[in-house]
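# Secondary and tertiary structure notes
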Amino acid sequence: MKAFILSIGDELALGQTIDTNSAWMSQQLASIGCDVAGHMTVSDDKIAIRDAMTYLVGLCDVLIVSGGIGPTDDDLTRFALADAMGVELYLDEGWAKEVEGFFTRIGRVMPKQNQVQAMMPVGATSIFNTCGTAAGIRAKLKGKDVFVTPGVPKEMKAMFDRDIKPFVKTFAGGAAIVSSTLHTFGQGESTIAEKLGDLMNRSRNPSVGTTVSGGIVSLRVNSRFESVERATEELRKTEQQCEALLGDLIFGKEDQTLPMAIASLLTQGREKPLTVATAESCTGGLIAKMLTDLSGSSSYYMGGFVTYSNKSKYERLGVNMEMLNVYGAVSEQVVLQMARSARRLMSTTYGISVSGVAGPTGGSPTKPVGTVCIGLAYLEPGGGKTEDHVFSMARTFQLPGDRDMIRDRSAKMALTLLRFHLMQKPTPFQ
Ligand code: AMP
Ligand code: MG
């Protein structure tokens, strides 16, 4: 069974209110195996609503509409539906009494205008509203089922759970859609798609799609089968295929973040957690912020330095002034010293550092905006104690975007280098 969701309201079309109803309904429908062909938002315009309904029933088996059934002049959904059906409205006496009773209970006389909330297109029936005065509407349009609910999220949800979900469930035939999300960082969407190859075939079930947010490319796997058990089994198989193709590029699932992945690598299966210190220039403390977003991070994150100027790199981390002058603050030589110093000064397992040109000013032909150097220093726990035993490495990246993006990606890239070192794997990019 396929549904389409139509939201009505000027405030939605103008972007003043976010359409949360459609997202919520889609999730509910997926959980009972009903595909959602799409969402549409239309302003409080009778003709536009009528035309949208007429068009959308051609794309689905059931059309679910929310909004525009209040008592005011801008509530036009019932009139639009009657027009689309080519019928008049009638007064649903039963619901009219309910509305009147509601006003009597709160000690008020029903405003005449509220009677419209009991008006139904001929051939349609009202749907009981457990928490408001607007009855929902159930109708047939061009042979397809149409449900109209109030726009108020609380009322919509109650009506959906009580009357719409059981109806759809019967027709969806007990099918189920089970979904999961896998997150990667370090490579672009098209590279990930190339690696996944046929897994992203549009006709495949389970399907695999990608989305990008904050440089994190996420794979969304949707599995549609006759039962939850089968859908879950097939979902797991596809997840394993994705893992086989992308390997360690996948850092987590569902709500798992990069700092969480690092937290578990630093702590899990260890008597004493491995520890980290940071030295940040262009990220201005963003890595520290990301690491400390997690409660309990004090067991492995010891602290750090924000050394934005050359002076502070020299005074607080002892970065060699000559090196700063010769190679520049954004150089592998400097981030190596920053990482080593932070590690030594905080007596940690790891030191990680970042220095880059976040822009929009400060770029040069040899170091354009987006040039970012990341350093990592590591002293094996229980190994030698001197600086000679410290392993260190530095990498230079050319990151895209504006200042915010460059700083965000720099921090995530630094965490990613740390993650790969913790897994004792080479980074699979650049
Ligand atoms: P209505 O039923 O059209 O009078 O809508 C009542 C109120 O519910 C509006 O003022 C919005 O604040 C809210 N609302 C309506 N539609 C939506 C929607 N799709 N998502 C979230 N809120 C909504
Ligand atoms: Mg409205």
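Scroll up to find the structure.
Predicted, not measured: the structure shown is a model, and the values here were computed from it. (Residues numbered from 1 in each chain as written. Chains lettered and ligands numbered in written order. Predicted model: local features only at pLDDT ≥ 70, side-chain atom pairs only at ≥ 80, totals over all residues. Heavy atoms only, no water.)

Secondary structure assignment for the protein yields 14 helices and 17 strands. In terms of overall size, the protein is more extended than a compact globule, its C-alpha atoms giving a radius of gyration of 29 Å where 430 residues would be expected to give roughly 22 Å. Overall, the C-alpha framework of the protein stretches about 90 × 45 × 45 Å when taken along its three principal axes. When the 430 residues of the protein are sorted by exposure, 48% land in the buried category. Counting contacts in the protein only where the partners sit at least 6 residues apart, residues at least 24 apart contribute 68% of the total. Summed over its atoms, the accessible surface of the protein is roughly 20,000 Å², and 52% of this surface lies on carbon and sulfur atoms. Placing the 44 positive and 45 negative side-chain charges of the protein at their respective mean positions leaves the two points 5 Å apart. (Helix = DSSP H or I, 4+ residues; strand = E, 2+ residues; numbered from the N terminus. Rg over C-alpha atoms; globule rule 2.2 N^0.38 Å. Buried < 20%, exposed > 50% of the residue type's maximum accessible area, 1.4 Å probe, protein only. Contact = heavy atoms within 4.5 Å. Areas by Shrake-Rupley, 256 points an atom, 1.4 Å probe, with all protein chains shown as cover. Lys, Arg positive; Asp, Glu negative; His and termini not counted. Charge placed at Lys NZ, Arg CZ, Asp CG, Glu CD.)

Now for the packing of helix α7 (residues 189-196) against helix α8 (residues 228-246). In a pair of packed helices, the angle between the axes and the distance between the axes together describe the arrangement. Direction vectors running N to C along α7 and α8 enclose 115 degrees, while the axes themselves pass 9 Å from each other. In terms of orientation, α7 and α8 fall into the roughly perpendicular class. Between α7 and α8 the crossing geometry is right-handed. The segment α7 lies against α8, with I192, K195 and L196 engaging C242, L245 and L246. Classifying every residue of the contact of α7 with α8 by side-chain character gives 5 nonpolar, no polar and 1 charged. (Axes fitted to C-alpha atoms, helices over the stretch in contact; angles between N-to-C directions. Parallel < 35°, antiparallel > 145°, perpendicular 65-115°, else oblique. Left-handed = near helix turned anticlockwise from the far one by under 90°. Nonpolar A, V, L, I, M, F, W, Y, C, P; charged D, E, K, R; others polar.)

Our next topic: the site of ligand 1. By nearness alone, 15 residues border ligand 1, and D19, T20, N21, G68 and G151 come closest of all. G68 places a main-chain nitrogen or oxygen 2.8 Å from an oxygen atom of ligand 1. Between ligand 1 and V152, the relevant distance is 3.4 Å, taken from an oxygen atom to a main-chain nitrogen or oxygen of the residue. Secondary-structure elements contributing two or more residues to the shell around ligand 1 are α1 (10-13) and α2 (20-31). Split by residue class, the shell around ligand 1 holds 5 nonpolar, 7 polar and 3 charged. (Near = heavy atom within 4 Å. Polar contact = N/O pair within 3.5 Å; in protein donor to acceptor, adjacent residues only side chain to side chain.)

The next point concerns the pairing of strand β9 (residues 176-185). For β9, a buried count of 9 out of 10 residues is recorded, marking the element as mostly surrounded by other parts of the structure. For β9 and strand β11 (residues 216-225), the ladder comprises 10 bridges, and the chain directions are antiparallel. Residue pairing across strands places S179 opposite N222, the latter belonging to β11. (Pairing = 2+ DSSP bridges.)

The next subject is the pattern of salt bridges. A full pass over the atoms with the stated rule returns 18 salt bridges. The residue K425 makes a salt bridge to D248 at a minimum N-O spacing of 2.7 Å. Placement of the pair is K425 in the segment after α14 (403-422) and D248 in the loop between α8 and β12 (250-253), with a sequence separation of 177 residues. Exposure remark for K425: the relative accessible area of 39% places this residue in the partly exposed category. (Salt bridge = Lys/Arg side-chain N within 4 Å of Asp/Glu carboxyl O.)

Another aspect to go through is the pairing of β11. Of all the 10 residues making up β11, 7 are buried; the element is thus mostly covered by neighbouring parts of the structure. As paired elements, strand β10 (residues 207-213) and β11 share 7 bridges and run antiparallel to each other. Note that in β11 the partner of V212 across the bridge is V217. The turn joining β10 and β11, which pair antiparallel and follow one another in sequence, is formed by 2 residues; a positive phi near 60 degrees is taken by G214.

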